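Chain and residue survey
The lines below spell out each chain.
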Amino acid sequence: MEVKTHGYVYFFGNGKADGTAQMKDLLGGKGANLAEMTSIGLPVPPGFTISTEVCKFYDDHQGSYPEGLRDEVLKNLAKLEKLMGAKFGDKKNPLLVSVRSGAAQSMPGMMDTILNLGLNLDTVEGMIAKTGNERFVWDSYRRFIQMFGDVVMGVPHDQFEAALQDVKDLSRKVYDVELDVKDLKEVISRYKQLYKKYTGEEFPTDPMDQLFKAINAVFRSWNNERAIKYRAMNDIRGLLGTAVNVQCMVFGNMGDTSGTGVAFTRDPSTGENKFFGEYLMNAQGEDVVAGIRTPQSIDTLKKVNPKVYDQLCDIRKVLENHYHDMQDLEFTIQEGKLYMLQTRNGKRTIFSWLRSQVEMVEEGLIDKETAVSRVPAGEFSKLFAPILDQKVIRDLGLKEVAHGLNASPGGACGQIYFTAAKAEEVAATGKDVILVRSETSPEDIGGMAVSRGVITCRGGMTSHAAVVARGMGCPCVSGVGDIHIDERNQVLTVNGTTLKAGDYMAIDGFTGAVYATKIAVKPSEIVQVLNGDMRESESNIYQNYKKFMGYVDEIKTLKVFTNSDTPKDTHMATLLGAEGIGLCRTEHMFFGGNRIISMRKMILADNETERRNALAELLPMQRDDFEAMFTELNGKPFTIRLLDPPLHEFLPNDSTTRHEMALTMHKSVEEVAQKSSALHEFNPMLGFRGCRLAIVYPEILEMQVTAIMEAALNVKKKGVKVYPEIMFPLVGNYKEFLFCQKKAKEVIEGLFEKYGQRIDYLMGTMIEVPRAAITADEIAKAGAQFFSFGTNDLTQMTCGFSRDDAASFLGHYVNDADKQFYDYDPFATIDEDGVGKMVKIAVDLGRSVNKNLILGICGEHGGDPKTINFCQRVGLTYVSCSPYRVPIARLAAAQAAIAVKKSK
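Throughout what follows, the structure given in this document is the object of discussion.

Counting its secondary structure elements, the protein chain contains 35 helices and 34 strands. Computed over its C-alpha atoms, the radius of gyration of the protein chain comes to 32 Å, within 12% of the 29 Å expected for a compact globule of 904 residues. Projected onto its principal axes, the C-alpha positions of the protein chain cover 105 × 60 × 55 Å. Classification of the 904 residues of the protein chain by burial places 55% in the buried group. Across the protein chain, every contact between residues at least 6 apart in sequence was considered, and the portion connecting residues at least 24 apart equals 68%. For the protein chain, the exposed surface amounts to about 38,300 Å²; the carbon and sulfur share of it is 49%. Between the averaged position of the 106 positive side-chain charges in the protein chain and that of its 117 negative side-chain charges there is a distance of 3 Å.

Centre distance and the angle of the planes are the two values used to describe a pair of aromatic rings. Applying the stated criterion to the full structure yields 30 aromatic pairs. With 6.4 Å between their ring centres and 50 degrees between their planes, Trp138 and Tyr141 make a pair best called tilted. A residue pair is termed a helical-turn pair when its members lie 3 or 4 positions apart in one helix, as Trp138 and Tyr141 do in helix H5 (residues 134-152) at 3 residues. The residues Trp138 and Tyr141 share a single accessibility class, namely buried. Each ring, one from Tyr813 and one from Tyr822, has its centre 6.5 Å from the other, and the planes form 15 degrees; the classification is stacked. Here the aromatic cluster, defined as three or more aromatic residues joined through ring pairs, consists of Phe380, Phe384, Tyr542, Tyr545, Phe548 and Tyr551. Arg237 extends its terminal NZ or CZ atom over the ring of Tyr824, reaching a point 3.9 Å from the ring centre. Residue placement shows Arg348 over the ring face of Trp353; its charged tip is 3.6 Å from the ring centre.

So, about the sheet that holds strand E32 (residues 786-790). The 8 strands lie next to each other as E27-E28-E29-E30-E31-E32-E33-E34, forming a closed barrel whose pairing is parallel. Recorded for the sheet is a direction-independent mean angle of 25 degrees between the axes of neighbouring strands. Contacts from helix H33 (residues 835-849) reach strand E31 (762-767), E32 and strand E33 (854-858), with the element oriented near 175 degrees to E32. Against the sheet, helix H35 (residues 886-903) makes contact with strand E27 (559-563) and strand E34 (878-881), and its axis sits at roughly 155 degrees relative to E27, the strand it touches most.

A separate point is the nonpolar core. Side chains that are nonpolar tend, in soluble globular proteins, to be buried together. Ranked by size, the top nonpolar core spans 156 residues in total, and within it Phe380, Tyr545, Phe548, Phe626, Met709 and Phe728 carry the most contacts. Looking at this core, the element that brings in the most residues is helix H27 (residues 698-717), giving 11 residues. Apart from residues lying up to four places away in sequence, Phe728 is in contact with Leu642, Leu701, Phe737, Cys740, Gln741, Ala744, Met763, Gly764, Thr765 and Met766. Grouped together as the second largest cluster of nonpolar side chains are 67 residues, Val54, Tyr58, Ile114 and Tyr230 included.

Let us now look at the pairing of strand E22 (residues 491-494). Burial along E22 is one-sided: Leu492 and Val494 are buried, and none of Val491 and Thr493, which face the opposite way, are. Relative to E22, strand E21 (residues 483-486) is paired through 4 bridges, and the arrangement is antiparallel. Counterpart to Ile485 in the pairing with E22 is Leu492. What sits between the antiparallel neighbours E21 and E22 is a turn of 4 residues, in which Gln490 has the positive phi angle 55 degrees. Hairpin geometry of E22 and strand E23 (residues 497-500) is characterised by an intervening segment of 2 residues between the two adjacent antiparallel strands and by a positive phi of about 45 degrees at Asn495.

So, on to helix H6 (residues 157-170). A rise of 1.5 Å per residue sets the reference length of H6, with its 14 residues, at 20 Å; its end C-alpha atoms lie 20 Å apart and thus fit the reference within 8%. When H6 is considered as a whole, its buried residues turn out to be Phe160, Ala163, Leu164, Val167 and Lys168. Angular distribution of buried residues about the axis of H6 spans 140 degrees; they occupy a single face of the element. For H6, the secondary structure elements touched by its buried residues are H5 and helix H7 (181-199).

This brings us to the pairing of strand E8 (residues 242-248). With 7 of its 7 residues buried, E8 lies for the most part within the structure. By the alternation rule, side chains of E8 split into Thr242, Val244, Val246 and Cys248 and Ala243, Asn245 and Gln247, which are all buried. As defined by bridge partners, strand E3 (residues 47-50) adjoins E8 across 4 bridges and the pair is classed as antiparallel. Note that in E8 the partner of Thr49 across the bridge is Asn245. By the bridge criterion, 7 bridges tie strand E6 (residues 97-103) to E8 in an arrangement that is antiparallel. Note on E8: the bridge partner recorded for Ala103 is Thr242.

With that settled, consider the environment of Asp625. By the secondary structure assignment, Asp625 is in helix H23 (residues 608-633). The exposure class assigned to Asp625 is buried, which follows from its relative accessible area of 13%. Separated by 201 residues in the primary sequence, Asp625 and Pro826 have C-alpha atoms spaced 33 Å apart. Apart from residues lying up to four places away in sequence, Asp625 is in contact with Pro567, Met589 and Arg595.

H27 packs onto H23 with a crossing angle of 30 degrees between their chain directions and a minimal axis gap of 8 Å. In terms of their interaxial angle, H23 and H27 are classed as roughly parallel. The chirality of how H23 crosses H27 is right-handed. The residue inventory of the contact of H23 with H27, partitioned by class, reads 12 nonpolar, 5 polar and 8 charged.

Let's shift gears to the sheet that holds strand E7 (residues 113-117). Strand order in the open sheet made by the 6 strands is E2-E1-E3-E8-E6-E7, with antiparallel pairing throughout. Sheet topology places strand E2 (16-17) and E7 at the edges, where each strand pairs with a single neighbour. In terms of strand pairing, E6 meets E7 through 3 bridges, oriented antiparallel. Among the inter-strand pairings, Arg100 is bridged to a residue of E7, identified as Thr113.

We now examine unusual backbone geometry. Of note, Asn14 is a non-glycine position whose phi angle comes to about 60 degrees, a positive value. Among the secondary structure elements, Asn14 is positioned in the loop between strand E1 (9-13) and E2. Classification of Asn14 as exposed rests on a relative accessible area of 67%. Unlike most non-glycine residues, Gln490 shows phi in positive territory, near 55 degrees. In this structure, Gln490 sits in the loop between E21 and E22. The exposure class assigned to Gln490 is partly exposed, which follows from its relative accessible area of 25%.

The subject of this paragraph is the pattern of salt bridges. Per the stated rule, a full pass over the model turns up 50 salt bridges. Across the pair Glu362 and Lys547 runs a salt bridge whose closest N-O atoms are separated by 3.0 Å. Remark: Lys547 occurs in helix H20 (residues 540-555) and Glu362 occurs in helix H13 (residues 350-363); sequence separation between them is 185 residues. Arg452 serves as the salt-bridge partner of Asp432, at 2.9 Å between the closest nitrogen and oxygen. Here the residue Asp432 occupies a position in the loop between helix H16 (420-427) and strand E18 (433-437), and Arg452 occupies one in the loop between helix H17 (445-450) and strand E19 (453-456), the gap between them amounting to 20 residues. Since its relative accessible area comes to 34%, Asp432 is described here as partly exposed. With relative accessibility at 49%, the residue Arg452 sits in the partly exposed group.

Bringing H27 into the picture now. End to end, H27 covers 28 Å across 20 residues, agreeing with the expected 28 Å (1.5 Å per residue, within 8%). Burial runs high along H27: 17 of the 20 residues are buried. Positive phi appears at Gly719, one or two residues downstream of H27, with a value of about 90 degrees.

Thresholds applied
Residues numbered from 1 in each chain as written. Predicted model: local features only at pLDDT ≥ 70, side-chain atom pairs only at ≥ 80, totals over all residues. Heavy atoms only, no water. Helix = DSSP H or I, 4+ residues; strand = E, 2+ residues; numbered from the N terminus. Rg over C-alpha atoms; globule rule 2.2 N^0.38 Å. Buried < 20%, exposed > 50% of the residue type's maximum accessible area, 1.4 Å probe, protein only. Contact = heavy atoms within 4.5 Å. Areas by Shrake-Rupley, 256 points an atom, 1.4 Å probe, with all protein chains shown as cover. Lys, Arg positive; Asp, Glu negative; His and termini not counted. Charge placed at Lys NZ, Arg CZ, Asp CG, Glu CD. Phe/Tyr/Trp six-rings, centres within 6.5 Å; stacked < 30°, edge-to-face > 60°. Lys NZ or Arg CZ within 6 Å of the ring centre and 35° of its normal. Pairing = 2+ DSSP bridges. Axes fitted to C-alpha atoms, helices over the stretch in contact; angles between N-to-C directions. Core = buried A, V, L, I, M, F, W, Y, C linked by side-chain atoms within 4.5 Å. Expected span 1.5 Å × (residues − 1). Arc of directions from axis to C-beta. Parallel < 35°, antiparallel > 145°, perpendicular 65-115°, else oblique. Left-handed = near helix turned anticlockwise from the far one by under 90°. Nonpolar A, V, L, I, M, F, W, Y, C, P; charged D, E, K, R; others polar. Salt bridge = Lys/Arg side-chain N within 4 Å of Asp/Glu carboxyl O.

Below, the structure is given as structure tokens:
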């Protein structure tokens, strides 16, 4: 049994503290930093912190405390009374305190605070006699009743606000500060009536009763709805709970020489190294953020109180030099004297993260590893996405008409259309288009490619629309269930609003917001520079990005490849730092232009001769794409997956398109329908696809291998280095690999003889079938030179989930606190305990045969920071992800390298 060397309560004050900044898990961020600021000599009002252990005990024991806690609180309260020369609850010389929450990880605004605790009618008179400021004391009392009633007892906040407004209206006052003593007494009277109405009891007058009820409320706030939601949204896990900080009150509402404010040691929006903040004179903390009065910029404090301003500037430097990061601080000025109430690492935009960390490295404040380890990889995509003009949204007071999943980041605005064909037609005229679909399919890829943004009524974060849109860098909001599409009449309805084709909508892929109006869109500066539309010298954001990514590449050891199917995507991916292509899905090349016609000819062929004739039409198209991509890669590895999906995906599923196809193919509609029916499968994911297509129809493999190697040989003739890697999908048995390898080698050797030259190439497989993972040694012995883990399918087959159908239950498995069978969506972050073990088995078995076996991961997991950390730990060679996730993956790879280094 663990023996506690300290109680549950930690004191700070008079330059000494029981805690330190390193004790955040126990004291919460606020308590640990109050202790630290006290120890380094900053002016912090004294107090004590009740540890997070008590919160855990409180939750586990139906709201009761550990034995001896009450005595500890009273002991530390007596110590505070002695230090302050005042007594809690004393009628003549009362001590007032604040009670605040504070978890180990900052959760701004999520939990609860009570100020001015200890006031009742007796102590009010004592405070008036002590301060000589009657208005200040009554104002503090009305604030206390409101906070206590709201936070501790659940009296609706808006009811207090309404009562306050009624008194202001009656007295013809606009601002709270204009209320006189008579007005404030009326407010208090109304507040107490409200309190009794909602609680059934009188407002408590015993300060000790007030204190312990407030402590209980803070502990309860750990599991209030907004705190739980905030932790889920920010992936905050594993904390004991919140600490409670009881601190001697200092007052910013004592008159014009008093005030309160919030400041950042650097600009939280841009990262600029300047003091940034706001304050209000004659106010308490909540006034600054309530919006009733307009706060003043921190630099104007220099005129109001130069001494305090200079002291704050000195403290700004002290805190940054001490914590080595941008700080978010709160302060109060009481009758001209400054007090520090909080410091914490500041929340900031990704642009501020980038600039602040680069400049701190250049200032010598931190090293490169520290800078790289801090910047949140999950936020990095926001650097590259276009954005809706938030100023326009604010100025016009625009409200979202619906909300969905923020499936792919960025802002987009355009005219809505409901089919991919119409989207392509309109986009070709130069207009901005938003494609709105109930759900997307591979046939929609052309329309998606030309659209500014995509909206779907159904589908989750790993739906077709989400995955493809992220790959294209196209903003997408998926799963907008409030939108209902009438395809016959080409209109949609959403929450009472009807929009027809050609009307404007706007989406925010960062938040999931959907607007039924036209909103200006601003491009990312980094993308403008990469595309040559802006000079590097004109963009501070790009310059900071370039420096930061230099740090990243110095540190990371995992290679970062991209998933790319087009020359355009390959170009962007290489600009974003991709070191090769880890997955080219050749089937995506068959949907554009006339290619789909040739593909359908091949599928509808009645014999091998017809099939080979159709494939002969496709070969030059594939070869041209491969040549362009080899050229863009300029000597980087190029992994090409042969045809994978079932053939029915290339056939139309509606009668109109079937009629068109029948005419083009010179077939009857009945023949087309019959072929489609013959290809139908009950479970196509496990059906006639992948290497099975190549085994039954080897001519498909022969055409694709010919296109790959002819393209490589042609590009090599031009003096460009080429490194083709041919990947056979869905191999589950080493004999399948041997068959495909033999057929491919026959084609390649024939081409080498024809061209009179040879090039190096690799052959490998996708490990996506559990049987392949547990027989990986046999596949390696068969000659596989690389494995690429297709974790989307490996997850489906290992867990028994269909990615397309799991949305109906997977949310419960992940998000319900009483279930949570999986920590994260296994299609977004690899399931280490299940799928991860499959990967580890395959890694170990494969490398037992070939220690130089190249190992990678592709699909959506390749761009997920948590999965990348796993890949680093199990010893993969590379990760591969969609082009616009390449910078995220590079950063996550560097952070994983740092984490593994520290763990040794």
